[in-house]
Amino acid sequence: MICFANFVGSTLVSCHFLFEGGTSVVNIARSQRDVNRCRPLQTWTINTAFQQRRTRQKFMMAADSAMTNGGENILSESDDDILSPDDLSEVLAAGTKESHDKAENSPFVKDFLRGRIKRELFKLGTAALYYVYLAIEEEIEKNKDHPMFAPLYFPSELYRRDALAKDLEYLYGEDWESKISCSAATQPYVDRIHEVGREDPVLLVAHAWTRYMGDLSGGQILKKVAQRALKLPPTGEGLNFYHFEGIHSPTAFKRLYRSRMNELEVDAETKERLLDEANLAFKFNLDVFTELQEIGKGIKEEVQDTGFPAHGDMGGDISKCPYYAAKMAVSGNTMYACQFAKMLLRQPTVQVVLATWVAAIAGLAAWYLT
């Protein structure tokens, strides 16, 4: 989603600039190259048949072992994890598709993907993300021992608050906390997260799934778009939000996370409530996108790749630009030819070169005359 935010490629997985929802992708088969790439969690193939609970428990034990043992030998007998349409991750993915599509096709997200993102909007989006993650991670900490959330507790791998704080310091300066505020569209989202954490912690699963799985999916595409469009440093300043230091393979980790979700003891009614909450999270996200789009209408177009006014101190007069004068001189315009010559003579480097040539010619002439 946002700081940006965090949707493209072969699987444009979510509205992940500001608030990205995770999309579950079922892979019928994985190539050996993909298997080698998914370390430290060596990959397992996802098939479409129903699975026995004992097989899933074996998978869970192997996956947990991989997390602590450097990813060695995840499944010694079989590398298959079988998903059922009734699994929670699949219910959420299918049930939020319409909401996902609406967010993904919002004008703000489309502009972002095309690289038409204004720096001020990027800053506001990053601030919105900060407040959302501050709320989510505060409530996760309060409910980390809850039986319905404990299996999904991955603070060192997933938490984004500190990364967003670094980005805000880069974007706003050391006093960034005094320069940001929770926007009108972001506040209801934050309030709902706190309400859920306080009164119905089970629903935190929907908010965590919507955000974190999106950050690990389309958010990685948005990172590249933002870096190019805003000319951000290649060293990552301003984009820490998208960098998960504790996760070596996003694909493998997402599988682990989904498997943990699918092991939760949830009945049909609870799944329905989680689905409603995930769709509500998408609605909050879309509201923030709409707010940013409206704010953007009042911001003038920015020149992202320069740090000085166009044509320097020439007052916007293009006729004073040396490049323009040179172009006109080449075209045969004598007035611009003279102007271009005068401009060249005013350049210190040109003056030094010219003086050197004059001295050389004068010396040669004196030698010849004597």
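Refer to the structure above for everything that follows.
Residues numbered from 1 in each chain as written. Predicted model: local features only at pLDDT ≥ 70, side-chain atom pairs only at ≥ 80, totals over all residues. Heavy atoms only, no water.

### Regarding the overall build of the chain
Next, step 1: Along the chain, the regular secondary structure elements total 16 helices and two strands.
Next, step 2: A total of 370 residues make up the chain; the buried ones form 46% of that total.
Next, step 3: Total accessible area on the chain is roughly 19,200 Å²; 55% of this is exposed by carbon and sulfur atoms. (Helix = DSSP H or I, 4+ residues; strand = E, 2+ residues; numbered from the N terminus. Buried < 20%, exposed > 50% of the residue type's maximum accessible area, 1.4 Å probe, protein only. Areas by Shrake-Rupley, 256 points an atom, 1.4 Å probe, with all protein chains shown as cover.)

### Examining the packing of helix 10 (residues 204-215) against helix 12 (residues 250-262)
Next, step 1: Running from N to C, helix 10 and helix 12 point in directions that differ by 170 degrees, and their axes come no closer than 12 Å. In terms of their interaxial angle, helix 10 and helix 12 are classed as roughly antiparallel. Counting all contacts with helix 10, which are made through Val205, Ala208, Trp209 and Met213, the residues of helix 12 involved are Lys254, Tyr257 and Met261.
Next, step 2: In the contact of helix 10 with helix 12, the residues fall into six nonpolar, no polar and one charged. (Axes fitted to C-alpha atoms, helices over the stretch in contact; angles between N-to-C directions. Parallel < 35°, antiparallel > 145°, perpendicular 65-115°, else oblique. Contact = heavy atoms within 4.5 Å. Nonpolar A, V, L, I, M, F, W, Y, C, P; charged D, E, K, R; others polar.)

### Focus on empty space enclosed by the protein
Next, step 1: By volume, the second largest cavity amounts to about 40 Å³.
Next, step 2: Lining the second largest cavity are Ile140, Phe149, Leu152, Tyr153, Phe154, Leu158, Tyr159, Ala208, Tyr212 and Tyr257.
Next, step 3: Class assignment for the residues of the lining of the second largest cavity results in ten nonpolar, no polar and no charged. (1 Å grid on protein atoms, 1.4 Å probe; cavity = no way out; pocket = protein on both sides within 12 Å on 5 of 7 lines; lining within 4 Å. Points joined across faces, edges and corners; volume = space filled by probe spheres on them.)

### Remarks on the pattern of salt bridges
Should the charged atoms of two oppositely charged side chains come close, the side chains can pair.
Next, step 1: Enumeration over the complete set of coordinates arrives at 15 salt bridges.
Next, step 2: Here Lys97 makes a salt bridge to Asp101, at a shortest N to O gap of 3.0 Å. One end of the pair, Lys97, and the other, Asp101, are both in helix 4 (residues 97-104), four residues apart, so they sit about a helical turn from each other.
Next, step 3: The exposure class of Asp101 is partly exposed, given its relative accessible area of 27%.
Next, step 4: Here Glu277 ties to Arg192 by a salt bridge, and the two come within 2.7 Å at their closest N and O atoms. Here the residue Glu277 occupies a position in helix 13 (residues 268-297), and Arg192 occupies one in helix 9 (residues 186-199), the gap between them amounting to 85 residues.
Next, step 5: Assessed through its relative accessible area of 4%, Glu277 is described here as buried. (Salt bridge = Lys/Arg side-chain N within 4 Å of Asp/Glu carboxyl O.)

### Digging into unusual backbone geometry
Next, step 1: Positioned with a positive phi, Lys231 is a non-glycine residue whose angle comes to about 55 degrees.
Next, step 2: Relative to the helices and strands, Lys231 is located in the loop between helix 11 (219-229) and helix 12.

### Remarks on the packing of helix 10 against helix 13
Next, step 1: For the pair helix 10 and helix 13, interaxial distance at closest approach is 8 Å and the crossing angle is 50 degrees. Considering their axes alone, helix 10 and helix 13 lie oblique with respect to each other. In the crossing of helix 10 with helix 13, the sense of the turn from one axis to the other is right-handed. Only Leu274, Glu277, Ala278, Ala281, Phe282 and Asn285 of helix 13 make contact with helix 10, whose side of the interface consists of Val205, Ala206, His207, Trp209 and Thr210. (Left-handed = near helix turned anticlockwise from the far one by under 90°.)

### So, helix 11
Owing to its 3.6 residues per turn, the α-helix aligns residues three or four sequence positions apart on the same side.
Next, step 1: Inspection of helix 11 places Gly219, Leu222, Val225, Ala226 and Ala229 among the buried residues, and these make up the whole buried set. Across the axial projection of helix 11, the buried residues extend over an arc of 110 degrees, all falling on one side. Projecting away from the buried face of helix 11 at angles above 90 degrees are the exposed residues Lys224 and Arg228.
Next, step 2: In this structure, the buried side of helix 11 is in contact with helix 5 (107-113), helix 6 (119-142) and helix 10.
Next, step 3: Following helix 11 by one or two positions, Lys231 adopts a phi angle in the positive range, close to 55 degrees. (Arc of directions from axis to C-beta.)

### A closer look at the environment of Ala93
Next, step 1: With respect to the helices and strands, the residue Ala93 is situated in helix 3 (residues 88-95).
Next, step 2: Its relative accessible area of 15% is what places Ala93 among the buried residues.
Next, step 3: As a C-alpha pair, Ala93 and Ala278 span 185 residues in sequence and 9.5 Å in three-dimensional space.

### A word on the packing of aromatic side chains
Next, step 1: The final tally for this structure, using the stated rule, is eleven aromatic pairs.
Next, step 2: Judged by centre distance (5.0 Å) and plane angle (75 degrees), the rings of Phe154 and Phe253 are edge-to-face. On the criterion of sequence distance, the pair formed by Phe154 in the loop between helix 6 and helix 7 (155-158) and Phe253 in helix 12 is long-range, its members being 99 residues apart.
Next, step 3: Judged by its relative accessible area of 2%, Phe253 falls in the buried class.
Next, step 4: Pairwise contacts between aromatic rings join Tyr133, Tyr212, Phe241 and Tyr242 into one cluster.
Next, step 5: We note Lys123 situated over the ring of Tyr172; from NZ or CZ to the ring centre the distance is 4.5 Å.
Next, step 6: The ring of Phe244 is capped by Arg160, whose NZ or CZ atom sits 3.8 Å from the centre of that ring. (Phe/Tyr/Trp six-rings, centres within 6.5 Å; stacked < 30°, edge-to-face > 60°. Lys NZ or Arg CZ within 6 Å of the ring centre and 35° of its normal.)

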